[in-house]
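Each chain, letter by letter, is given below.
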Amino acid sequence: MSITAITHFFTANAKFINALMEHVYLTLISLIIAIVIAIPLAVYARNHRIFAHIALGFTSIMQTIPSLAILGILIPIVGIGSKPAIIALVIYGILPIYSNTYTALTTIDPNLTEAAEVFGLTKWQRLFRIELPLSTDSILTGIKTSTVLIIGTATLAALIGAGGLGTFILLGIDRSNTALTLTGAIGSALLAVVFSWLITRFGRLKAKSMVIVGGTALLLLLLGIIAPKVYTATTQPEKIVIAGKLGSEPDILINMYRDLIEAGDKKIDVDLKPNFGKTSFLFSALKSNQINIYPEFTGTVLEDIIPNSERQLQNKSATQIYHMAKNELAAKYNMTYGSPLNYNNTYTVVTTQKFAKRHHLHTISDLKKLQNRLHSGFDLEFMNRDDGYKGLVKKYGLSFNNTDLDPDLRYQAIRRGQVQVIDGYSTDSQIRQYHLVSLRDNKHLFPTYQGAPLMTKAFAKKHPAVVKQLHQLAGKITAKEMREMNYDVNVKKISAAKVARHYLQRHHLLRK
Amino acid sequence: MPNTPVIQLSNISVVYDQQKAIDDLSLSVYPHEIMVLVGESGGGKTTILRTISGLVKPASGHILVNGLTLNDQNLRKIRLNMGYVLQQISLFPNMTINQNLTLLPEIKHQSKTAADQTIKELMAAAKLPIDYLSKYPNELSGGEQQRVGIIRAFGTKPDLILMDEPFSALDPVSREQLQDLTLSIHQHFNNTILFITHDMNEALKMGQQIGVVKDGQIIQLDTPDNLVRHPSNDYVRTLFNGSEAHKIENVYIRRLVLAGYGRKTPFEKLPVTSVEGDRTLGDCYQLLAQNQQLAVRRNSQVIGYLNSESILNFLATKATNN
């Protein structure tokens, strides 16, 4: 990470501008809706004490619900994309505006309100001529607080496919790319500063100019001039929506799905929604037909989606695992699980090519002869998993002198020769990037994680051609090929779409 | 008086916390007069004003303002025809002086040019520079703010103005200036004023009619002269004789004349100097040291003559009373 890398993103990257505009759009829409709800609520509440307390309690409780939980609740109801994001942001934005407005309105000198009443001003005249103008400062402070809150929380919108600067943060974390994370984080921090400044400036305007400026801004927003491409959650009949989790690998896979489906039927329009943050978001979006297909790992299905502690996964072959996942998905959720790809994206033990060559290392068992001389840099999770380091001890009889490392730091440590073996995922692009090698799990310790397209049975029945097209990927893509493709996207910065198409064409799955 | 009253309260009772704040009170205020309600705090005079302005609902009784029954339907109409000056200076801090002054003409849909003209005249009468119009209330002194408060109340030329202890928070100099300002504007506009105060001197200066309020009732209603000369009971007598001895220097000398001290005709062979009736006793000590008798004037007419002996007599009575 360097300053130039960051500057590069701020200036040259059109993706950044797009994400920034999405972020601004989400913020403005949510903020306006929050204002439109919170201020009238406070105005009503000022003369209704019991209602005021109920509303305050309710908005406070909403504030304490973790944003991920709110998103999780909203997806089955309103779908994915900007809609649930905006609803969640509005929920967060209401409290500061409401409580500031309410406090301001109820602490106005009673002499003034009484004077206004005796002078014969109507309820509305009192509100608009006296009470609201006297509360302006406090209301604007509330709006400012909400804005900062919304801008911060909006980074989570990326988790459910609403875009924004959070995409950079999540991708940065996923790829251990600090520059990328900082781009998103600094971008949203700057946005918060700019918005605060604008609101402060707005507060210094005269009442008349306030109305003019506010009205114009609202109008522009409504006309959609500020609005970039907005993701909508509604699914058009001719459209197939394919989503993917965060990272380059799912992104490449869904691009392959699209190319194959569109090659099979020119009339079908495929819409891609990459970079979803959580398995549960995607699965619930699939269940509620917000998306039609997403690639899922067999291991994830059995571990996270349909967990069952009594199930025996040890010593099962990849095919057995796939069939277990397929059958349980069909029985429990009425879903069709397409044919799996070749590669197994699971834990792997990694060493450098040089080291492997010198000591003739091919399998994990080969490490046995070196174990007293080896330093390992496994991360904490791997150390504590039965199918991690504990398994290495039990099944392979290995024991290392280990330094717990952050996932991010493992690859740096092995590159600098501080450790000789680390854990990793079999398709990590760093294996390719730093000239490392993955040792074969010859005793089948690590669970199987094979990717395959997941969809509802109803969808598969309605689109047999789509299922057939996707079947072409069955048994394709080795771990090495996937590593190469991840490397192309993450390190060489080639777009996932290009990398996907190139692979399909080279393997004659798609005509040039 | 032949006119129909501007305010007519008939058998009003107001109950606060199961206690009668106003007890079966009736009162008529006639056009163009300044009616002062005076009394100690807690006696109910402010409640009377709040009842007339509709802020307090009476438990029983009937209120007519300009012939209209005070009820929910008529309330706003009555309020729009009423000026109001409060004890707390209640200028709206979010508005300039000009916005404060034009707000009421605007909601009454009065002509803007006429309203501006009236405001200008009143600003001049109140000796406020015209560039104050663009200032905000907090840029003005308390006295200046209350002047604006008075201008605001008179600015729409209402038939009736209610003033609730408008000057009690001000220093003595500002208080006197504003009393004079109110009297001169009243002379000009000739509207009806109901004025509340706990200051007996202020009551005597401002009132054409004075009602003494005690325990939610009006115990005596009369002209200032009659009140001082013929108090209906000891309470009223003590009230108007300045029961607070340490403030005796603040008693208006007019009151001495009205109470029968001094003479209607000049003391013979003594040099005369004439003074206004609203000078205080304190002022006169020095004047009498230099001049042997004072011709006390009210509205440019001499109402009586005082010499050192009359002053001593008054002080002597006060001393015995206490």
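Residues numbered from 1 in each chain as written. Chains lettered and ligands numbered in written order. Predicted model: local features only at pLDDT ≥ 70, side-chain atom pairs only at ≥ 80, totals over all residues.

> Lay out the overall build of chain A in plain terms, naming residues and giving numbers.
The helix and strand tally for chain A stands at 23 helices and ten strands. Projected onto the principal axes, the alpha-carbon positions of chain A cover approximately 95 × 55 × 50 Å. Burial analysis of chain A (512 residues in total) assigns 45% to the buried set. Excluding contacts between residues fewer than 6 apart, the proportion of contacts in chain A whose partners are at least 24 apart in sequence is 78%. (Helix = DSSP H or I, 4+ residues; strand = E, 2+ residues; numbered from the N terminus. Buried ≥ 20, exposed ≤ 12 C-beta atoms within 10 Å, placed from the backbone. Contact = placed C-beta atoms within 7 Å.)

> Help me get a handle on helix α21 (residues 464-471) of chain A, residues and values and all.
Residues and elements named next belong to chain A. Turning to α21, its buried residues are Val 466, Gln 469 and Leu 470. Looking down the long axis of α21, one finds its buried residues gathered within 95 degrees of arc, a one-sided arrangement. Turned more than 90 degrees away from the buried face of α21, the exposed residues are Pro 464 and Ala 465. (Arc of directions from axis to C-beta.)

> I'd like a rundown of the packing of helix α5 (residues 142-155) of chain B against helix α6 (residues 172-189) of chain B, residues and numbers included.
Residue and element names in this part refer to chain B. One way to put it is that α5 packs onto α6 with a least axis distance of 11 Å and a crossing angle of 15 degrees. When the interaxial angle is binned, α5 and α6 end up roughly parallel. As for how α5 packs across α6, the hand of that crossing is right-handed. Within the contact between the two elements, α5 uses Gly 143, Gln 146, Arg 147, Ile 150 and Phe 154 and α6 uses Ser 174, Leu 178, Leu 181, Thr 182, Ile 185 and Phe 189. (Axes fitted to C-alpha atoms, helices over the stretch in contact; angles between N-to-C directions. Parallel < 35°, antiparallel > 145°, perpendicular 65-115°, else oblique. Left-handed = near helix turned anticlockwise from the far one by under 90°.)

> Describe unusual backbone geometry, with residues and values.
The phi torsion at Asn275(A) lies on the positive side, around 65 degrees, for a residue other than glycine. By the element assignment, Asn275(A) lies in strand β2 (residues 269-276). In this structure Asn275(A) comes out as buried when scored by C-beta crowding, with 22 C-beta atoms within 10 Å. For Asn11(B), which is not a glycine, the phi torsion comes out positive at approximately 50 degrees. Checked against the element boundaries, Asn11(B) lands in strand β1 (residues 7-16).

> Account for the domain arrangement of chain B, naming residues and giving values.
All names here are of chain B. Per the domain assignment, the segments of chain B are domain 1 (7-237) and domain 2 (246-321). With centres defined by C-alpha atoms, the gap from domain 1 to domain 2 works out at 31 Å. Those elements that place two or more of their residues in the side of domain 1 that touches domain 2 are α7 (200-206) and α8 (224-229). Per-class residue counts for the side of domain 1 that touches domain 2 are two nonpolar, one polar and three charged. (Domains from an automatic or database assignment. Nonpolar A, V, L, I, M, F, W, Y, C, P; charged D, E, K, R; others polar.)

> With reference to specific residues and values, describe the nonpolar core.
Core analysis: the largest hydrophobic core is formed by 105 residues, its most contacted members being Ile160(A) and Ile242(A). Mapped onto the domain boundaries, this core takes at least three residues apiece from domain 1 (3-222) and domain 2 (239-342 + 453-506) of chain A. Leave out the neighbours within four places in its chain, and Ile160(A) touches Leu71(A), Ile75(A), Ile80(A), Gly81(A), Pro84(A), Ala85(A), Phe276(A) and Phe281(A). Among the nonpolar cores identified, the runner-up in size contains 89 residues, and Tyr84(B), Leu160(B), Ala203(B) and Phe240(B) belong to it. (Core = buried A, V, L, I, M, F, W, Y, C linked by C-beta atoms within 7 Å.)

> Describe the interface of chain A and chain B, listing the residues and the values that go with them.
Across the boundary between the two partners, chain A contributes 14 residues, which contact 14 residues of chain B. Counting residues per element, the ones that place at least two in the side of chain A that touches chain B are α6 (110-118) and α7 (123-153) of chain A.

> Any details on the domain arrangement of chain A? Residues and values, ideally.
Residue and element names in this part refer to chain A. Segmentation of chain A into domains returns domain 1 (3-222), domain 2 (239-342 + 453-506) and domain 3 (347-439). Taking only C-alpha atoms, the centre of domain 1 and the centre of domain 2 are 37 Å apart. Each partner contributes to the interface: domain 1 provides 15 residues, whereas domain 2 provides 17 residues. Looking at side-chain class alone, the side of domain 1 that touches domain 2 contains nine nonpolar, four polar and two charged residues.

> How would you summarise the environment of Leu27(B) if you had to cite specific residues and measurements?
All names here are of chain B. In this fold, Leu 27 is placed in strand β2 (residues 19-29). Overall, the presence of 21 C-beta atoms within 10 Å leaves Leu 27 in the buried class. C-alpha separation for the pair Leu 27 and Tyr 132, spaced 105 residues apart in sequence, amounts to 39 Å. Once residues within four sequence positions are removed from consideration, Leu 27 is found in contact with Leu 9, Gly 211 and Ile 218.

> Describe the UniProt feature "transmembrane region" (unreviewed entry) in chain A, with residues and values.
Residue and element names in this part refer to chain A. Here the UniProt-annotated "transmembrane region" (unreviewed entry) positions come out as residues 24-44, 56-79, 85-105, 148-173, 179-199 and 211-231. In residues 24-44, helix accounts for 100% and strand for 0%; the two terminal C-alpha atoms are 30 Å from one another. Counted over residues 179-199, helix gives 100% and strand 0%. Its end C-alpha atoms are 30 Å apart. (UniProt positions renumbered as here; feature names shortened; annotations may be inferred.)

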